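So you can see what is in the structure, the chains are spelled out below.
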Amino acid sequence: MFRKGFISTYLLYIFIILNSICCIILTNTTRKFKSLQNLKVANKFLNQEIIVISFVKCQLINDELVSGNYKISDIEFEIIYKKDEVEITILEKYSEKIILKIFDNKIIDYSSYTHNLFGV
């Protein structure tokens, strides 16, 4: 008797539910993509840090660390050597500042400061 419009209301509900599901899937995919991009940038920073800190560690072991500009593995960086710390500024696309705490020619701690903070 009052079934007129029942089918269109039913189809509207199905359309709204499917649309909501598609929006949720799209949002999750976008978030996963952004986190993968941030991971890629974080790995580039980490690779730079590994190369530079390994170089400084080798120079400290051999008592040959001097302040100045260096270029190793296509990474250009500047070292400022002080009594108890080494300040390193990486001068590349992914620039950052690393401060190493030194005791008895050994690295005991370090901090890293990135300039663009994952602006993906």
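Source: prediction; values computed, not measured.

Turning our attention to the packing of aromatic side chains. Across all of its chains, the model carries four aromatic pairs by this definition. Centre to centre, the rings of F55 and Y70 are 5.0 Å apart; their planes meet at 55°, and the pair counts as tilted. Taken together, the residues span a long stretch of sequence, with F55 in helix α1 (residues 6-61) and Y70 in strand β1 (residues 68-72) at a distance of 15 residues. A relative accessible area of 21% places Y70 in the partly exposed class. Note on Y70 and F77: the rings are 5.8 Å apart at their centroids and 25° apart in plane angle, and the pair reads as stacked. When its relative accessible area of 1% is taken as the criterion, F77 is described as buried. Aromatic ring contacts, followed pair by pair, group F55, Y70 and F77 into a single cluster.

It is worth spelling out the sheet that holds strand β4 (residues 96-103) at this point. Strand order in the open sheet formed by five strands is β1-β2-β3-β4-β5, with antiparallel pairing between adjacent strands. With one partner strand each, in any of the chains shown, β1 and β5 (106-114) form the two edges of the open sheet. Across the sheet, the axes of successive neighbouring strands diverge by a mean angle of 25°, strand direction being ignored.

Before going further, it helps to spend a moment on unusual backbone geometry. Located in the positive-phi region is D74, a residue other than glycine, with phi close to 60°. If you trace the backbone, D74 turns up in the loop between β1 and β2 (75-81). Under the relative-accessibility criterion, D74 is labelled exposed at 64%. Unlike most non-glycine residues, D104 shows phi in positive territory, near 55°. Inspection of the secondary structure puts D104 in the loop between β4 and β5. The exposed category is assigned to D104, whose relative accessible area is 61%.

Conventions and cut-offs
Residues numbered from 1 in each chain as written. Predicted model: local features only at pLDDT ≥ 70, side-chain atom pairs only at ≥ 80, totals over all residues. Heavy atoms only, no water. Phe/Tyr/Trp six-rings, centres within 6.5 Å; stacked < 30°, edge-to-face > 60°. Helix = DSSP H or I, 4+ residues; strand = E, 2+ residues; numbered from the N terminus. Buried < 20%, exposed > 50% of the residue type's maximum accessible area, 1.4 Å probe, protein only. Pairing = 2+ DSSP bridges. Axes fitted to C-alpha atoms, helices over the stretch in contact; angles between N-to-C directions.

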